[in-house]
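Take a look at the letters that make up each chain.
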Amino acid sequence: MRRSGTIIIRGIVQGVGFRPFVYACADSLCIRGSVTNLGSEVVIHAEGEHFDDFLKSIRKGPPLSVIDEVIVLPLEGVISDRFLIMESGAGNLSGMIPPDIAICDACIEDINRINGRYSGYWATSCVDCGPRYSVIRALPYDRIRTTMDPFSLCPACEEEYWSPDFRRHHAQTIACGSCGPSLTLMDPKGLHM
Ligand SMILES: [Zn+2]
Ligand SMILES: [Zn+2]
């Protein structure tokens, strides 16, 4: 029975919510370590009693991912006493860019909710849906390398982005009516209607 390892996952692992997915698996199985996005690979350093179960659950991947290869190597280096999502590194940048993904049912519910944060907001998205191909400028996929970068997060979006308790934990396209892009309707002459 293995208790630790460095896990390298290759395939469509960008823009599909892989890091928050791994975080949730680690959290539920008391795994310590970290997950990093390295271009076309996700690299996980993990240690814990339930390592084998952890490996089994991450092999499934989040719904939009396509896993081509999972490599498990001995763990090297010091591990944190918690599980952390690390900043993306350069790594191998030959990865596949995921397509834009049609809005999910949960986000449609958010848009239709009366007096919610996302009520009526057209650019609502989450880790399971929203633009990817259209907004990615470069890999690895992080907000600073997307066309969403100029839209600084409001405190409420910031909280959802950083907290594992929310559906939009690490959702790079998170945006709401107070901080995200807005639409303007104009006539053919460019005049506001
Ligand atoms: Zn969604
Ligand atoms: Zn916001």
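The sections below set out a description of the structure shown in this document. Bear in mind that the values here come from a model prediction, so they are computed numbers and not experimental data.

Criteria and thresholds
Residues numbered from 1 in each chain as written. Chains lettered and ligands numbered in written order. Predicted model: local features only at pLDDT ≥ 70, side-chain atom pairs only at ≥ 80, totals over all residues. Heavy atoms only, no water. Buried < 20%, exposed > 50% of the residue type's maximum accessible area, 1.4 Å probe, protein only. Helix = DSSP H or I, 4+ residues; strand = E, 2+ residues; numbered from the N terminus. Pairing = 2+ DSSP bridges. Core = buried A, V, L, I, M, F, W, Y, C linked by side-chain atoms within 4.5 Å. Contact = heavy atoms within 4.5 Å. Salt bridge = Lys/Arg side-chain N within 4 Å of Asp/Glu carboxyl O. Donors = N, O, S within 2.8 Å, 3.2 Å for Na, K, Ca; no water. Tetrahedral: all angles 85-135°; square planar, octahedral: opposite > 155°, others 65-115°. Axes fitted to C-alpha atoms, helices over the stretch in contact; angles between N-to-C directions.

Things to note about the pairing of strand 2 (residues 32–38)
The buried fraction of strand 2 amounts to five of the seven residues, a majority that puts the element mostly inside the structure. Relative to strand 3 (residues 41–47), strand 2 runs antiparallel, the two being bridged by seven bridges. Residue Ser 34 lies in a different strand from strand 3, and its bridge partner there is His 45. From the end of strand 2 to the start of strand 3, which pair antiparallel, there are two residues, and Gly 39 there has a positive phi angle of about 70°. In terms of strand pairing, strand 2 meets strand 5 (residues 83–85) through three bridges, oriented parallel. In the strand pairing of strand 5, Ser 34 is matched with Leu 84.

Comments concerning the nonpolar core
Counting residues in hydrophobic clusters, the biggest one holds 23 residues, and the most contacted among them are Val 22, Ile 44, Phe 54, Ile 58 and Phe 83. The set of elements that each furnish at least two residues to this core consists of strand 1 (4–12), helix 1 (18–28), strand 3, helix 2 (51–60) and strand 5. When residues in this core are grouped by element, the largest group, six residues, is from helix 1. Ignoring any residue separated from it by four or fewer positions in sequence, one finds Phe 54 in contact with Ile 7, Val 22, Cys 25, Ala 26, Leu 29, Ile 31, Ile 44, Ala 46 and Phe 83. Of all hydrophobic cores here, the second largest spans nine residues; its members include Cys 154, Tyr 161, Cys 176 and Cys 179.

A few points about the pattern of salt bridges
Under the counting rule described, the total for this entry stands at eleven salt bridges. In this structure, the salt-bridge partner of Glu 41 is Arg 10, at a minimum N-O distance of 2.6 Å. Taken as a pair, Glu 41 in strand 3 and Arg 10 in strand 1 lie far apart in primary sequence, 31 residues in all. Glu 41 gets classed as buried once you look at its relative accessible area, which sits at 10%. For Arg 10, a relative accessible area of 26% puts it in the partly exposed group. Two residues, Asp 142 and Arg 145, come together in a salt bridge whose shortest N-O distance is 3.2 Å. Residue Asp 142 is classed as buried on the basis of its relative accessible area of 10%. Assessed through its relative accessible area of 23%, Arg 145 is described here as partly exposed.

Section: the coordination of the zinc ion (ligand 2)
Each protein donor to the zinc ion (ligand 2) is listed here as Cys 154 (SG), Cys 157 (SG), Cys 176 (SG) and Cys 179 (SG); together their distances run 2.3 Å. With four donor atoms in place around the zinc ion (ligand 2) and angles of 104 to 116° between them, the coordination shape is tetrahedral.

Looking at the coordination of the zinc ion (ligand 1)
At this site the zinc ion (ligand 1) is bound by Cys 104 (SG), Cys 107 (SG), Cys 126 (SG) and Cys 129 (SG), with donor distances of 2.3 Å. Here the zinc ion (ligand 1) binds four donor atoms, and the angle range of 102 to 116° at the metal identifies the geometry as tetrahedral.

What to know about the sheet that holds strand 1
One open sheet holds the five strands; their spatial order is 4-1-3-2-5, and the pairing between them is mixed. The outermost strands of the open sheet, each flanked by one partner alone, are strand 4 (66–73) and strand 5. Across this sheet, the average inter-strand angle for adjacent strands is 15°, counted without regard to direction. Contacts from helix 1 reach strand 1, strand 2, strand 3, strand 4 and strand 5 within the one sheet, and its direction differs from that of strand 5 by about 175°. In this fold helix 2 packs onto strand 1, strand 3, strand 4 and strand 5, with an angle of close to 160° to the strand it touches most, strand 4.

Function cannot be inferred from these measures alone, as they are strictly geometric.
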